[in-house]
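# Fold and contact review
Single-letter residue listing:
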Amino acid sequence: MSASNARDTFRLALPTPAGELRAEIAVPTRLIPVSDIVPVMRSLGGQALELEDEKSRRAGRELSCRKGCAACCRMLVPVSPPEAFALKDAVERLPAPRRDRMLQRLAALRQTLNEAGLLGRLAQLSETRTQWSDADMEPVNREYYAGRWPCPFLEDETCGVYDARPAACRELRVTSPAEWCRDMERNPVRTLPVPFRISTVLSLMWATVTGGAARLIPLPVALDWAERHAGDNRARHHGETLLHMGMEHILGFLRRGTQAASPPSA
Ligand code: SF4
C-alpha cells in the first residue's frame with residue numbers, strides 16, 4: 001500500500017433506533033480536505049439506513065423504491081458543502097457528451113427558476129450566514145415542488161450521478177405505493193425513519209472547519225457554489241479528526257431521536 005493510500009481502520013458501535021450499528025471504517029492517514037470524508041460518512045449513513053430497511057421488512061413493509069422510479073427527483077434537494085464539491089467532481093469526471101447534456105439541463109432549469117422568481121432566493125440561501133429553519137424553507141420547497149421540474153442529473157428516469165448523489169436523495173425511502181410519490185403533498189406517502197441526516201452532519205462539520213455558517217445548498221445552485229468556494233476546501237485535516245467530529249454530530253442526532261423523512265422538503 002502506498003503512503004498516499006494508507007488508512008487507519010476504526011471499529012464503531014452506534015446505538016440506532018433500529019439496532020446497534022457495528023461498522024469498520026477506514027479513513028486516510030494523510031491530511032485530507034473535508035470533502036474527502038464524504039464517502040466515509042455516506043457509508044455510515046447507508047449502513048444505518050439498511051438497519052431501518054431490515055426493521056421495516058421484518059414488520060412486513062417492503063421498500064417501494066426501484067431503479068427507474070424517479071418521482072421524488074422533482075423536489076428541491078439540500079446539499080451540504082462537502083457534498084457540493086463531491087458532486088461537482090463527479091459531473092466533471094463524466095464523459096464529455098453526457099456531462100455537456102447534464103450541464104445544459106442544469107442551465108435550462110436555472111433559466112426556468114429565474115423566470116419563476118426562485119433562482120435568486122436559492123442563490124441567497126446558499127450564501128446566507130444563518131441557516132434557514134424548516135419553517136422558513138417550507139414555502140420555497142412547496143413552490144419548487146409545484147413546478148415538478150426534473151433534477152438536471154436525471155437521465156431516462158435514472159440518476160446520472162448515482163454514486164455521488166446527495167445524502168438527502170439516499171435518505172428518502174418509501175414503503176407506500178410508488179405511484180403515490182407522483183404527488184407527495186396530496187398522498188399519505190409513508191417514509192422510513194432516518195436515524196441521522198448525513199447532509200446535516202457534513203454541514204455542521206463544514207461550519208466547524210471553516211468557522212462559517214452551517215448551510216445546506218439547494219441542488220440547482222450547488223455546482224456554482226462549489227466553484228465559488230473552491231478555495232475554502234483547500235485546508236487539510238487529519239482524517240481521524242474529521243471522523244471524530246462526524247461521530248460527535250451523529251451521536252448528537254441519535255440522542256435527540258430519529259427523524260422522519262419529510263417530503264416534499266427532502
Ligand atoms: S441527484 Fe440523482 S437521486 Fe438526487 S434528485 Fe437528482 S437524479 Fe434524483
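Keep in mind it's a predicted model, so treat the numbers as computed, not measured.

For any two helices packed against each other, one specifies the inter-axial angle together with the distance between the axes. Remark: helix α7 (residues 198–210) packs on helix α9 (residues 239–256), axes separated minimally by 9 Å, with the N-to-C direction vectors making an angle of 125 degrees. When the axes of α7 and α9 are compared, the pair comes out oblique. Both α7 and α9 take part in a crossing whose hand is right-handed. Taking contact as the criterion, the partners of Val-201, Leu-204, Met-205 and Thr-208 in α7 are, on α9, Leu-242, Met-245, Gly-246, His-249 and Ile-250. In terms of residue class, the contact of α7 with α9 is built from six nonpolar, three polar and no charged.

Let's shift gears to the confidence of the model for the protein. The predicted model of the protein averages 92 in pLDDT, with 95% of residues at 70 or higher. The element-level mean pLDDT for the protein is lowest in strand β10 (residues 259–260), coming to 55, with helix α3 (residues 96–115) highest at 98.

Turning our eyes to something else, we now look at the site of the ligand. Near the ligand, the surroundings consist of Ala-70, Cys-73, Val-77, Cys-151, Phe-153, Leu-154, Cys-159, Val-161, Arg-165 and Cys-169. Looking at the shell around the ligand, its residues break down into nine nonpolar, no polar and one charged.

Glancing now at the packing of helix α2 (residues 81–93) against α7. Interaxial distance between α2 and α7 falls to 7 Å at its minimum, and their mutual angle equals 105 degrees. Our classification of the angle between α2 and α7 gives roughly perpendicular. Where α2 abuts α7, its residues Pro-81, Pro-82 and Glu-83 lie against Ser-199, Leu-202, Ser-203 and Trp-206. Looking at the contact of α2 with α7 residue by residue, the class counts come to four nonpolar, two polar and one charged.

This part takes up the pairing of strand β2 (residues 19–28). Successive residues of a regular strand alternate their side chains across the two faces of the sheet. Relative to β2, strand β1 (residues 7–16) is paired through ten bridges, and the arrangement is antiparallel. Paired with Thr-16 across the strands is Gly-19, a residue of β2.

On to unusual backbone geometry. The general pattern is negative phi for most residues beyond glycine and trans for most peptide bonds. Of note, the phi angle at Asp-156 is positive, near 50 degrees, even though the residue is not glycine. When you line up the elements, Asp-156 lands in the loop between β5 (154–155) and β6 (158–159). Asp-156 gets classed as exposed once you count the C-beta atoms within 10 Å, which come to 7. One non-glycine residue, Glu-157, lies in positive phi territory at about 60 degrees. Tracing the backbone through its elements, the reader meets Glu-157 in the loop between β5 and β6. In this structure Glu-157 comes out as exposed when scored by C-beta crowding, with 12 C-beta atoms within 10 Å.

Rules used throughout
Residues numbered from 1 in each chain as written. Predicted model: local features only at pLDDT ≥ 70, side-chain atom pairs only at ≥ 80, totals over all residues. Axes fitted to C-alpha atoms, helices over the stretch in contact; angles between N-to-C directions. Helix = DSSP H or I, 4+ residues; strand = E, 2+ residues; numbered from the N terminus. Parallel < 35°, antiparallel > 145°, perpendicular 65-115°, else oblique. Left-handed = near helix turned anticlockwise from the far one by under 90°. Contact = placed C-beta atoms within 7 Å. Nonpolar A, V, L, I, M, F, W, Y, C, P; charged D, E, K, R; others polar. pLDDT = per-residue confidence, 0-100. Near = placed C-beta within 6 Å. Pairing = 2+ DSSP bridges. Buried ≥ 20, exposed ≤ 12 C-beta atoms within 10 Å, placed from the backbone.

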